Amino acid sequence: VVDDGMTLAVQMGTAFKHQHMTADEIQIVIAGSGTEWLGTDQIALKPGTLVVIPRGTTHAGLVDNGGLKFVSIKTPPQDPSDVHPVP
């Protein structure tokens, strides 16, 4: 969903390490469990976990137990080209 002021998506599984340079991201875990890199730290993910990712912060999902599903809200709306891989 792209609306005035935000982009919203339901995402599943893992993602490569990356950054968004023009959008902040909020993730709300709705199913499954795992871990996610947030900067240089790994955080545990389970249903109900809320993760705030400021623009320019490296992040990536690493599923431990499978079935990870979360709502991702990006504000301002994310340009599709604003996904920058990080080694």
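These remarks concern the structure in this document. Owing to the predicted nature of the structure, the values given are computational and were not obtained by experimental measurement.

Structural notes on the overall build of the chain
- In terms of regular secondary structure, the chain is built from zero helices and ten strands.
- For 87 residues, the compact-globule estimate of 2.2 N^0.38 gives 12 Å, and the chain sits close to it at 12 Å.
- For the chain, the residues scored as buried account for 32% of the 87 residues in total.
- By element, 61% of the accessible surface of the chain is carried by carbon and sulfur atoms, the whole surface being about 4900 Å².

A few points about a nonpolar patch on the surface
- Among the surface-exposed residues, Val10, Met12, Ile28, Ile30, Leu50 and Val52 lie close enough to one another that they form a single nonpolar patch of about 570 Å² accessible area.
- Broken down by secondary-structure element, the contributors of at least two residues to the nonpolar patch are β2 (6–12), β4 (24–31) and β7 (50–53).

Side note on the pairing of strand β6 (residues 41–45)
- Direction of pairing for strand β5 (residues 34–38) relative to β6: antiparallel, over a ladder of five bridges. When the bridges of β6 are listed, Gly34 appears paired with Leu45.
- The hairpin formed by β5 and β6 contains two residues between the paired strands, and Gly39 there has a positive phi angle of roughly 65 degrees.

Examining the nonpolar core
- Val29, Leu45, Val51, Ile53, Leu68 and Phe70 together form the largest nonpolar core, which totals six residues.
- Excluding residues within four positions of it along the chain, Ile53 makes contact with Asp24, Glu25, Gln27, Glu36, Leu38 and His59.

Details of the sheet that holds β4
- Read from one edge of the open sheet, five strands run β1-β2-β9-β4-β7, paired in antiparallel fashion. Each having just a single partner strand, β1 (2–3) and β7 make up the two edges of the open sheet.

Points about the packing of aromatic side chains
- For the coordinates displayed, the defined rule picks out zero aromatic pairs.
- Geometry around Trp37 places Lys17 over its ring, the cationic atom sitting 4.3 Å from the centre.

Some points on the layout of surface pockets
- The calculated volume of the largest pocket comes to roughly 220 Å³.
- Contributing to the lining of the largest pocket are 20 residues, with Gln11, Ala15, His18, Gln27 and Phe70 lying nearest its centre.
- Going through the elements one at a time, β2, β4, β8 (59–62) and β9 (69–75) are the ones with two or more residues in the lining of the largest pocket.
- Classifying every residue of the lining of the largest pocket gives eight nonpolar, nine polar and three charged.

Rules and cut-offs
- Residue indices begin from 1 for each chain and proceed along its sequence in written order.
- At least 70 in pLDDT is required for a residue's local features to be given in this predicted model, at least 80 for side-chain atom pairs to be given and counted, and no such filter applies to totals for whole chains, interfaces and linings, which use all residues.
- Side-chain calculation: all heavy atoms of the structure are included, whereas hydrogens and water are not.
- Working definition: helices are DSSP H or I runs of at least four residues, strands are E runs of at least two. Numbering for both runs from the N terminus.
- The globule rule used here is 2.2 Å times the number of residues to the 0.38 power, and the radius of gyration it is set against is calculated over C-alpha atoms.
- Burial classes follow relative accessibility: with a 1.4 Å probe on protein chains only, a residue under 20% of its type's maximum area counts as buried, one over 50% as exposed, and anything between as partly exposed.
- In these tables, accessible area is a Shrake-Rupley quantity obtained with a 1.4 Å probe, and a residue counts as shielded only by the protein chains included in the view.
- The residues that make up patches have over 30% relative accessible area and no salt bridge, and they are joined within 9 Å when like-charged or within 5 Å when they are Val, Leu, Ile, Met, Phe, Trp or Tyr.
- Salt-bridge detection follows one rule: a side-chain nitrogen of Lys or Arg within 4 Å of a carboxyl oxygen of Asp or Glu.
- Pairing between two strands requires that DSSP report at least two bridges joining them.
- The nonpolar core is taken to be a set of buried Ala, Val, Leu, Ile, Met, Phe, Trp, Tyr and Cys residues, with the residues joined through side-chain atoms within 4.5 Å.
- Two residues form a contact once any of their heavy atoms are found within 4.5 Å.
- Side-chain rings of Phe, Tyr and Trp, where Trp is taken by its six-membered ring, are said to pair if the distance between their centres is within 6.5 Å; with planes under 30 degrees apart they count as stacked, over 60 as edge-to-face, and otherwise as tilted.
- Whether a charge sits over a ring depends on NZ of Lys or CZ of Arg being within 6 Å of the ring centre and within 35 degrees of the ring normal.
- Here a cavity denotes grid points, spaced 1 Å and computed from the protein atoms alone, that fit a 1.4 Å probe unable to get out, and a pocket denotes an open set having protein on both sides within 12 Å along at least 5 of 7 lines; residues with an atom within 4 Å of a point are the lining.
- Grid points are joined across faces, edges and corners, and a volume is the space filled by probe spheres set on the points.
- For this scheme, ten residues count as nonpolar: Ala, Val, Leu, Ile, Met, Phe, Trp, Tyr, Cys and Pro. Four count as charged, namely Asp, Glu, Lys and Arg, and the remainder, Gly too, count as polar.

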